[in-house]
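These are the residues of each chain, in order.
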Amino acid sequence: MKRKKNREFQSSELVKSFARIHGFEEKLMAFEVKDYLHEYLNDDLFQEIESVNLKRKVLQIKIKSPLLKNDFRMRKTFFLQKFQEKFGSENFSALEIL
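In this report, we go over the structure that sits alongside the text. All values reported here derive from a predicted model rather than from experimental measurement.

Inspection of the entire model under this criterion finds 9 aromatic pairs. Ring centres of Tyr 36 and Phe 83 lie 6.0 Å apart, and the angle between their planes is 75°; this geometry places the pair in the edge-to-face category. Here Tyr 36, found in helix H2 (residues 25-40), pairs with Phe 83, found in helix H5 (residues 76-87); they are 47 residues apart in sequence, far enough to count as distant. An identical accessibility class is assigned to Tyr 36 and Phe 83; each is buried.

This is the structure in structure tokens:
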């Protein structure tokens, strides 16, 4: 069991190194945020998340549902802090809900 965990960690580090070398660190971080949202939201709500992007430290979350979009906008500071705590404040300077 421990061996598998170690291997997952090594492959994760490999992916991060590859992303850094080829310049798509932001895309990789956006995928990690999307995975986190999938864990955080129930499946029905997660289906309303159209896309997650990161451009120049601005996290952009595109949401289909007007109600969920409004909820995210009202709690924007809360979500930005959650993402900064989880992934590091150096990765995000702002959050846009589209």
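Along strand E2 (residues 58-63), 5 of the 6 residues are buried, which leaves the element largely enclosed by surrounding structure. As paired elements, strand E1 (residues 49-55) and E2 share 6 bridges and run antiparallel to each other. Paired with Ser 51 across the bridge in E2 is Lys 62. Where E1 folds back onto E2 in an antiparallel hairpin, the turn is made up of 2 residues, including Arg 56, whose phi is positive at roughly 50°. Looking at chain direction, E2 and strand E3 (residues 94-97) are connected through 4 bridges and run parallel.

A few words on the pattern of salt bridges. With the rule as written, the count across this model stands at 2 salt bridges. Residues Glu 50 and Lys 62 are paired through a salt bridge, measuring 3.7 Å at the closest nitrogen-oxygen approach. Remark: Lys 62 occurs in strand E2 and Glu 50 occurs in strand E1; sequence separation between them is 12 residues. Residue classification places Lys 62 among the partly exposed positions, given a relative accessible area of 37%. One salt bridge connects Asp 71 with Arg 75, and the closest N-O pair in it is separated by 4.0 Å. The class of Asp 71 is partly exposed, set by a relative accessible area of 30%.

Turning our attention to the nonpolar core. Counting 22 residues, the largest nonpolar core has Leu 37, Ile 49, Leu 59, Ile 61, Phe 72, Phe 83 and Phe 92 as the members making the most contacts within it. Elements with a contribution of two residues or more to this core: H2, E1, E2, helix H4 (66-74), H5 and E3. At 5 residues, the largest contribution of residues to this core is made by H2. Not counting residues up to four positions away in its chain, the partners in contact with Phe 83 are Val 33, Tyr 36, Leu 37, Leu 59, Ile 61, Gly 88, Phe 92 and Leu 95.

What counts and how
Residues numbered from 1 in each chain as written. Predicted model: local features only at pLDDT ≥ 70, side-chain atom pairs only at ≥ 80, totals over all residues. Heavy atoms only, no water. Phe/Tyr/Trp six-rings, centres within 6.5 Å; stacked < 30°, edge-to-face > 60°. Helix = DSSP H or I, 4+ residues; strand = E, 2+ residues; numbered from the N terminus. Buried < 20%, exposed > 50% of the residue type's maximum accessible area, 1.4 Å probe, protein only. Pairing = 2+ DSSP bridges. Salt bridge = Lys/Arg side-chain N within 4 Å of Asp/Glu carboxyl O. Core = buried A, V, L, I, M, F, W, Y, C linked by side-chain atoms within 4.5 Å. Contact = heavy atoms within 4.5 Å.

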